[in-house]
Amino acid sequence: MTFLGLPPLSLVIYFPLLGVLALLFAGRMAPAATRWIALVTSGATFLVSLPLYGWYDQAQGGFQLVEKVAWIPDWGVKYYLGMDGVSMLLVLLTTLLTFLAILGAWNEERHTREFMIAILLLEVGMNGVFLALDVFLFYVFWEVMLFPMYFIIGIWGGERRLYAAFKFVAYTMAASVLMLVAILYMYYLYFHATGEFSMSLTDWYKVSVGLQAQYWLFAAFALAFAVKVPMFPFHTWLPDAHVEAPTAGSVILAGVLLKMGTYGFFRFAMPLFPQATQDAMPVLIGLSVVGIMYGALVCMVQPDMKKLVAYSSVSHMGFVMLGLFALNTQGLQGGLLQMLNHGVSTGALFLLVGMIYERRHTKAIADFGGLMKVMPIYATLFLVVVLSSIGLPGMNGFVGEYLVLVGAYQVSPWAAIISASAVILAAVYLLWMYQRVFFGQITKVENQKLHDLPLREMAVLAPLILLILWVGVYPKPFLDKMAPSVAQFLVMTHQDKTQKSPALSLEQAHPVSVSEPTSQSVELQ
Amino acid sequence: MTFQLNTNDMLSILPFTLVFAVGMLVLLLETLRKGKSMKMLAWVSLGGVVLACVANRQLLGQGLRGFGGSVVADDYAVVFNIIFLAVAFFTILISMRYLEDRGIQDGEYYALVLFATGGMMVMASSLDLLMIFVGLEILSISSYILTGMLRRDHKSNEAAMKYFLLGAFATGFLLYGMVMLYGATGTINLREIGTHLAVTNLGQNPYIWFGMGLLIVGFGFKLSLVPFHMWTPDVYEGAPTTVTAFMSAGPKAAGFAALVRVMVEGLGNLHDHWWLVMWILAALTMTLGNVVAIWQDNIKRMLAYSSIAHAGYILAALVVANIEGLSAIVFYGLVYTLGNMGVFAILVLASDKNRERVTFEDYRGFGYVSPLLGMAMLVFMLSLIGIPLTGGFVGKFQIFKAAVEQGYLWLAVVGVINSVISVYYYLRLVVVMYMQPPTGASLQVRPPFNLALTVAIAASLAGVVYLGILPSGWLDMSSRSVSVLMAGF
């Protein structure tokens with residue numbers, strides 16, 4: 001299972017660098033050429049990453065396609081990659097969204113070459129984050145991917161771009177350096193427990209951690225990831241970053257970067273510190289519910305389309321967190337699936353808002369009205385995406401949110417009930433926005449001559465709409481791919497890790513029963 | 001008492017003797033130069049540096065001791081000498097065009113750089129308080145003169161005067177401290193002081209405390225630790241840019257080389273008593289350096305405060321004082337040197353005869369005017385912040401790792417929070433270069449090609465990136481070098 005004899009995961013991660021090199025050393029060229037180089041590179045990256053779906057064997061479970069080489073031997077740091085069903089799907093999401101973001105940013109005329117370089121470097125960092133199993137390596141990718149995004153917001157952003165870009169970096173850095181201290185502390189705990197240095201996550205899973213230490217370490221990890229998600233009350237960087245970022249930046253930010261936070265909880269914070277996770281569950285469920293409601297309520301009064309979508313992310317990511325912290329099969333499946341759904345739907349929403357912004361250079365809802373008449377295709381596609389984001393049955397959002405709510409109800413009926421009402425609010429704010437933008441008479445002269453979507457823009461949206469319907473109707477393949485990881489995760493988060501625990505073998509884990517999750521997804525069809 | 005010189009004696013002093021000798025040669029050539037270009041002197045000096053580096057490399061792993069143990073060429077000295085020689089190498093490379101542009105026609109410049117370098121090498125190679133003092137004086141006096149090298153520039157004069165007065169003051173502290181230690185233990189040899197402190201209960205002797213305190217104050221001035229840092233920004237701003245480059249890296253590293261010898265080899269047994277002082281100094285130094293750097297508009301002043309902050313990080317590694325921490329000092333020393341030299345090389349390259357470009361405003365839009373230089377500057381800034389894949393990250397990581405290992409958790413927390421503060425002012429240069437439109441004052445054309453400066457920038461860039469991606473070799477080297485110091489424990 002290799003690609004031309006190259007290790008597949010490294011190939012996927014570093015493939016975009018080919019495009020970066022071409023852009024760097026091909027000298028000054030026409031913007032069109034740089035676009036094509038970037039598009040072809042990202043398209044090829046997507047194609048290279050596609051076989052990972054087939055290669056991941058869910059009957060076997062655990063981490064697969066593992067690459068493990070010594071990197072800094074004295075410190076026990078390894079170049080250690082591996083994927084499970086969750087990271088595989090997130091990588092596919094990343095490569096797809098990067099490709100679409102580049103296609104969507106076709107008209108970016110300012111410093112096109114640098115823009116494309118930044119996006120391709122960002123792709124390297126994001127895929128690295130999802131595939132790294134060495135904590136040092138993970139941290140490297142985690143920090144490195146900040147800077148391309150910083151540039152994307154800071155150079156190609158809107159009016160307050162410098163403020164937004166710095167806020168983005170400062171928030172993330174401030175939270176993640178504390179995680180660095182926690183990583184070092186965990187590293188020494190591992191050393192004291194075993195007598196050897198290792199930064200491998202799979203090794204760390206095996207050692208016990210005292211309760212007090214778990215609290216502190218969980219807090220540090222959780223803070224870093226909560227800022228990224230972002231969870232209420234750490235979300236304030238998000239509206240600024242989203243509103244100022246160019247469309248491609250928003251798409252990747254919402255589609256992939258936010259997932260890194262929830263992925264971090266799923267992969268690091270929760271399984272490493274299960275007792276702390278269980279004890280923190282009420283707090284985090286509470287914050288998730290507050291985030292869900294807060295995001296939805298702010299959306300109701302947003303006059304700006306992009307800001308509305310940004311705040312709806314706060315609300316939707318709250319669902320993901322709620323699902324993860326329900327700590328049961330349905331919640332977890334729903335949360336993980338909702339990560340993908342949010343990437344697809346919100347990515348599509350930002351692309352749609354970007355398309356109209358490109359035509360009219362405004363994002364204010366009040367500047368539009370009656371667009372249905374001049375842009376029927378646009379209006380239809382917009383509607384599909386809006387309905388998916390609301391969670392209409394038959395669309396992807398419904399499957400994820402339903403599972404999350406089922407899971408949450410088992411641990412906290414109130415949390416589930418309050419969150420369910422936010423689904424209604426979502427329908428209110430999204431449909432109200434839709435109504436004001438597309439229905440009624442055309443009130444502004446500028447809107448009369450808007451041209452509908454050309455082929456390129458339809459091509460950008462088509463794969464996302466396809467995914468929206470596919471996941472909505474038949475989510476089983478996705479849930480199946482994630483099932484072994486879900487089962488494994490539940491075992492890890494329910495074991496008593498303050499005691500010496502029997503070693504978990506993760507790399508070649510024994511086949512985990514997939515019956516329960518499968519029956520759940522069958523029910524939904 | 002008869003005293004016989006043997007080969008070991010001669011070999012152990014060979015590296016810095018070579019540097020001094022070439023310095024003398026440069027002085028001699030200067031008198032014969034008669035108006036010809038100063039470039040020739042620069043190339044001779046570079047040759048001397050390379051020669052000394054080769055000689056120095058031969059001593060690695062030999063652990064030579066000469067002159068009754070007052071001079072040592074152990075791995076610690078050898079590795080620090082590599083750093084000092086790298087500083088000298090880069091300084092000479094970036095000086096050639098700068099001196100021409102600023103109209104400095106004194107060949108003594110190169111001789112003084114070599115003497116200062118030799119002084120630094122003496123500091124790292126001696127186990128003897130007096131030898132350390134002699135090395136420090138050679139270094140300091142050369143630096144005072146270099147600072148005032150722009151004779152017609154009153155800022156340069158002011159800087160030299162300030163540097164001289166405060167430096168002399170600090171020297172006094174150092175000497176008093178050494179005298180007290182001598183009085184208390186009866187020896188000036190650090191190893192012997194160490195054994196004295198280990199076997200007899202000299203810890204109760206007040207002279208030890210006075211001596212240690214005065215030494216810390218003296219070193220504090222030389223290393224510009226807060227609250228002894230006041231001179232640094234003015235001197236860095238006033239000195240010729242290339243001299244600032246030299247001073248921000250070289251004397252710092254040398255000061256730490258000597259301080260580590262004194263505190264670990266001499267006073268290591270008193271670690272329980274001095275770590276808290278150092279802890280406080282480290283926290284103050286990094287915090288003040290980083291916070292004040294935010295307000296600077298002049299890049300040289302910003303780098304001055306940044307160098308104060310970095311001294312704080314390095315001092316944190318001394319607080320830890322285990323093999324990991326001490327080797328972090330060595331590793332960080334090299335990484336910081338490379339990154340800083342790269343930045344100064346770019347500042348020099350972007351300046352020309354008419355105008356020195358040292359404010360943030362000068363670099364508006366620089367990233368598009370000169371994409372490669374902009375990219376290099378970006379990498380240096382990321383390394384100074386400590387972002388992964390640059391040497392700066394590995395260096396900081398090692399310091400914090402050592403701190404957590406020894407239980408100095410809060411020191412690590414203070415350190416990482418400081419790293420975040422530093423993001424603001426390092427990224428400010430990036431913001432200016434890439435995110436703000438050029439104005440009249442900013443550089444509009446690509447600076448002309450210059451071989452020496454390009455070599456300097458490319459070499460430091462390669463070093464910073466190499467140490468960030470494949471740090472193992474230099475990590476091994478640095479931990480091997482400091483294990484010599486810890487041998488006594």
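Residues numbered from 1 in each chain as written. Chains lettered and ligands numbered in written order. Predicted model: local features only at pLDDT ≥ 70, side-chain atom pairs only at ≥ 80, totals over all residues.

1. Observations regarding the overall build of chain A
Summing up its helical and strand segments, chain A has 22 helices and two strands in all. Scaling as 2.2 N^0.38, a compact globule of 525 residues should have a C-alpha radius of gyration of about 24 Å, and chain A matches this with 22 Å. With respect to the three principal axes, the spread of C-alpha positions in chain A is 75 × 60 × 40 Å. (Helix = DSSP H or I, 4+ residues; strand = E, 2+ residues; numbered from the N terminus. Rg over C-alpha atoms; globule rule 2.2 N^0.38 Å.)

2. Section: the overall build of chain B
Secondary structure assignment for chain B yields 19 helices and two strands. Taking 489 residues into account, the globule formula puts the C-alpha radius of gyration at 23 Å, and chain B, at 21 Å, falls close to it. Along the first, second and third principal axes, the C-alpha atoms of chain B reach 70 × 55 × 40 Å. Classification of the 489 residues of chain B by burial places 62% in the buried group. Within chain B, residue pairs in contact and separated by at least 24 positions form 80% of the contacts whose partners lie at least 6 positions apart. (Buried ≥ 20, exposed ≤ 12 C-beta atoms within 10 Å, placed from the backbone. Contact = placed C-beta atoms within 7 Å.)

3. What about the pairing of strand β1 (residues 64-72) of chain A?
Residues and elements named next belong to chain A. Direction of pairing for β1 relative to strand β2 (residues 77-83): antiparallel, over a ladder of six bridges. When the bridges of β2 are listed, Ala70 appears paired with Lys78. Linkage of β1 to β2, two consecutive antiparallel strands, is achieved through a turn of four residues, within which Gly76 is found at a positive phi near 70 degrees. (Pairing = 2+ DSSP bridges.)

4. Re the confidence of the model for chain B
On average, chain B scores 90 in pLDDT, and the residues at 70 or more come to 98%. Listed scores for the predicted complex are pTM 0.92 and ipTM 0.92. (pLDDT = per-residue confidence, 0-100.)

5. Examining the nonpolar core
Inside soluble globular proteins, nonpolar side chains tend to come together where they are buried. One finds Phe221 and Leu322 of chain A together with Ala317, Leu318 and Val319 of chain B to be the most contacted residues of the largest nonpolar core, which totals 404 residues. When sequence neighbours within four positions are dropped, the list of residues in contact with Val319 of chain B reads Trp275, Met278, Trp279, Ala282, Tyr408 and Leu411 of chain B. (Core = buried A, V, L, I, M, F, W, Y, C linked by C-beta atoms within 7 Å.)

6. Details of the packing of helix α13 (residues 323-350) of chain B against helix α19 (residues 472-486) of chain B
Residues and elements named next belong to chain B. In contact at an axis separation of 8 Å, α13 and α19 are set at 130 degrees when each is read in the N-to-C sense. With respect to α19, the axis of α13 lies oblique. Seen along the crossing, α13 lies across α19 with a hand that is right-handed. For the pair α13 and α19, the contacting residues are Ile323, Leu326, Ser327, Val330, Phe331 and Leu334 in the first and Trp474, Leu475, Ser478, Ser479, Ser481, Val482, Ser483, Leu485 and Met486 in the second. (Axes fitted to C-alpha atoms, helices over the stretch in contact; angles between N-to-C directions. Parallel < 35°, antiparallel > 145°, perpendicular 65-115°, else oblique. Left-handed = near helix turned anticlockwise from the far one by under 90°.)

7. Notes on the interface of chain B and chain A
Tallying the contact residues gives 23 residues for chain B and 25 residues for chain A. Elements represented by at least two residues in the side of chain B that touches chain A include exactly α16 (391-405), α17 (409-435) and α19 of chain B. Here the element with the most residues in the side of chain B that touches chain A is α17 of chain B; it accounts for 11 residues. Partitioned by chemical class, the residues of the side of chain B that touches chain A number 18 nonpolar, two polar and three charged. (Nonpolar A, V, L, I, M, F, W, Y, C, P; charged D, E, K, R; others polar.)

8. Examining the confidence of the model for chain A
All names here are of chain A. For chain A, mean pLDDT is 86; residues scoring 70 or higher make up 94% of the total. By mean pLDDT, the top-scoring element of chain A is helix α6 (residues 135-144) (93), and the lowest-scoring one is helix α22 (residues 515-524) (37). Per-residue pLDDT stays below 50 along residues 501-525; that stretch engages in 47 contacts with residues further than four places along the chain or on separate chains.

9. Side note on unusual backbone geometry
For residues that are not glycine, phi is negative in most cases, and the peptide bond is trans in most cases. Cis rather than trans, the peptide bond between Val229 of chain A and Pro230 of chain A has omega equal to -10 degrees. When you line up the elements, Pro230 of chain A lands in the loop between α10 (211-228) and α11 (237-244). At the junction of Val226 of chain B and Pro227 of chain B, the peptide bond is cis and its omega measures out at 5 degrees in the coordinates. The residue Pro227 of chain B is located in the loop between α8 (206-222) and α9 (231-238) in this model. Positive phi outside glycine occurs at Leu65 of chain A, with the angle close to 55 degrees. In this structure, Leu65 of chain A sits in strand β1. In this structure, Ala321 of chain B is a non-glycine residue whose phi angle is positive, near 55 degrees. Tracing the backbone through its elements, the reader meets Ala321 of chain B in the loop between α12 (299-320) and α13.

10. Examining the environment of Phe265 of chain A
Residue and element names in this part refer to chain A. For Phe265, the location among the structural elements is in helix α12 (residues 247-272). Under the C-beta neighbour-count criterion, Phe265 is labelled buried, with 27 such atoms within 10 Å. As a C-alpha pair, Phe265 and Ala222 span 43 residues in sequence and 6.8 Å in three-dimensional space. Residue contacts for Phe265: discarding those within four places in its chain leaves Phe225, Met270 and Leu324.

11. Concerning helix α2 (residues 31-49) of chain A
Residue and element names in this part refer to chain A. A rise of 1.5 Å per residue sets the reference length of α2, with its 19 residues, at 27 Å; its end C-alpha atoms lie 27 Å apart and thus fit the reference within 8%. The set of residues buried in α2 consists of Thr34, Arg35, Ile37, Ala38, Thr41, Ser42, Thr45, Phe46 and Ser49. Looking straight down α2, one finds its buried side chains confined to an arc of 165 degrees; they lie on one side. α2 presents Ala32 and Leu47 as exposed residues on the side facing more than 90 degrees away from its buried surface. Its buried side turned inward, α2 meets α1 (8-25), α3 (51-55), α4 (85-104) and α5 (112-131). (Expected span 1.5 Å × (residues − 1). Arc of directions from axis to C-beta.)

12. Comments concerning the packing of helix α15 (residues 371-385) of chain B against helix α18 (residues 451-469) of chain B
Residue and element names in this part refer to chain B. Where α15 meets α18, the closest approach of the two axes is 10 Å, and the angle between their N-to-C directions is 40 degrees. The orientation of α15 relative to α18 falls into the category oblique. Remark: the crossing between α15 and α18 carries left-handed chirality. Contacts between α15 and α18 involve Ala376, Val379, Phe380 and Ser383 on the former and, on the latter, Ile457, Leu461, Val464 and Val465. Its residues placed into classes, the contact of α15 with α18 shows seven nonpolar, one polar and no charged.

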